[in-house]
Amino acid sequence: MVLHTMSRTVVLGVIGSDAHVVGITILEQAFRQAGLTVINLGVQSSQTEFAEAATQHDADAVLVSSLYGHAEQDCQGFHETLEAHGVDALTYIGGNLAVGQNDFEETRRTFQELGFDRVFDAETTPEDAIAALERDLRISTTANERATVTT
Ligand code: B12
């Protein structure tokens, strides 16, 4: 299969009224080092802000973070909002997605049913996220690898 390792753009932000900024700051830095173009919306971002940024930057992936326990409410209708803006991108969500989060598999199902392609828990490292993006976007995110490769 021929893979084109062109630069990819991800929109990243913390949804809702959530103010936890450390996770997305670390993710942004790691993604940039891996060669991705990152649009970081920061904390307390609305669904519409995600959708508008994804449209404006023709994003390949929209990555939502949530730590404060209200992700399910904040993400109701998220994919409908993306669709209404004409966004066709991979979607991930990660962080502390439920209060307590005792059964992460149940949490994962909840967010998959909301339309997310992948659901990550709070133990997720930047390397885990990059590996998933590499798989899903079929890219090599190493900054200096821009050639076409054949696997
Ligand atoms: C620091 C902190 C705060 C600071 C935030 C400062 C700031 N500006 O960032 C302050 C004191 C303001 C705060 C406030 C609150 N907090 Co607080 N906070 C924390 C704490 C101690 C650390 C968070 C952190 O920075 N971690 C370090 C970063 C690197 O890790 P991370 O955020 O988890 O991100 C990593 C992964 O989760 C993952 N990831 C995250 N997002 C995404 C997205 C994608 C797509 C992917 C792939 C991966 C990914 O990758 C990141 C890098 O590895 C956590 C407890 C904990 N140990 O996690 C509680 C915690 C998140 N807070 C909590 C709560 C409840 C609150 C408050 C609601 C408390 C209150 N009643 O006021 C408020 C909410 C305020 C608000 N509007 O957001 C709870 C959430 C509970 C839940 N979800 O069930 C936690 C878990 C504490 C607890 N055990 O109860 N908090």
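Residues numbered from 1 in each chain as written. Predicted model: local features only at pLDDT ≥ 70, side-chain atom pairs only at ≥ 80, totals over all residues. Heavy atoms only, no water.

**Structural notes on the sheet that holds strand β5 (residues 90–95)**
Under the convention used in this document: Strands were regarded as paired on the criterion that DSSP finds at least two bridges between them. A run of DSSP states H or I qualifies as a helix once it reaches four residues; a run of E qualifies as a strand once it reaches two. Both are numbered from the N-terminal end. Axes, fitted as lines to C-alpha atoms, cover a helix only where it is in contact. Angles between the N-to-C directions of the axes lie from 0 to 180 degrees. Here, two residues are considered to be in contact whenever any of their heavy atoms come within 4.5 Å of each other.
The five strands lie next to each other as β3-β2-β4-β5-β6, forming an open sheet whose pairing is parallel. In this open sheet, the two strands that pair with only one neighbour each are β3 (37–45) and β6 (118–120). Each strand of the sheet is rotated relative to its neighbour by a mean of 15°, with strand direction disregarded. As paired strands, strand β4 (residues 61–66) and β5 are joined by six bridges and run parallel to one another. When the sheet's bridge partners are listed, V64 is paired in β5 with I93. Lying on the sheet, helix α6 (residues 126–137) is in contact with β2 (9–15), β4, β5 and β6; it crosses β5 at an angle near 165°.

**A look at a nonpolar patch on the surface**
The condition that has to hold: Note that patches include only residues with greater than 30% relative accessible area and no salt bridge, and the join distances are 9 Å for like charges and 5 Å for nonpolar side chains (Val, Leu, Ile, Met, Phe, Trp, Tyr). Surface accessibility in these figures is a Shrake-Rupley result with a 1.4 Å probe; residues are shielded only by whichever protein chains are displayed. One side-chain nitrogen of Lys or Arg within 4 Å of one carboxyl oxygen of Asp or Glu is enough to make a salt bridge.
Residues V21, V22 and I26 make up a contiguous nonpolar surface patch of roughly 250 Å² in combined accessible area. Following the sequence through the fold, V22 ends up in helix α1 (residues 22–33).

**Topic: the side chain of S45**
As a reminder of what qualifies: Buried residues are those whose accessible area, probed at 1.4 Å on protein chains only, stays under 20% of the maximum for their type, while exposed residues exceed 50% and partly exposed ones sit between those limits. Polar contacts here mean pairs of N or O atoms no more than 3.5 Å apart (in protein, one a potential hydrogen donor and the other a potential acceptor; neighbouring residues in sequence count only if both atoms are side-chain atoms).
Relative to the helices and strands, S45 resides in strand β3. We classify S45 as buried; its relative accessible area is 2%. Looking at S45, its side chain comes within polar contact range of the main-chain oxygen of G42, at 3.1 Å.

**Notes on the site of the ligand**
Cut-off, in case you're wondering: The criterion for a residue being near a molecule or strand is simple. One of its heavy atoms has to lie within 4 Å of it. Under the convention adopted here, Pro, Cys and the residues Ala, Val, Leu, Ile, Met, Phe, Trp and Tyr are nonpolar, Asp, Glu, Lys and Arg are charged, and Gly plus all remaining residues are polar.
Taken together, 29 residues are adjacent to the ligand, and A19, H20, V21, S65 and T124 come closest. Between D18 and the ligand, the recorded distance is 3.3 Å, taken from a side-chain N or O atom to an oxygen atom. Residue L67 places a main-chain N or O atom 2.9 Å away from a nitrogen atom belonging to the ligand. Contributing elements (two or more residues each) for the shell around the ligand: α1, β4, β5 and α6. In the shell around the ligand, the residues fall into 17 nonpolar, eleven polar and one charged.

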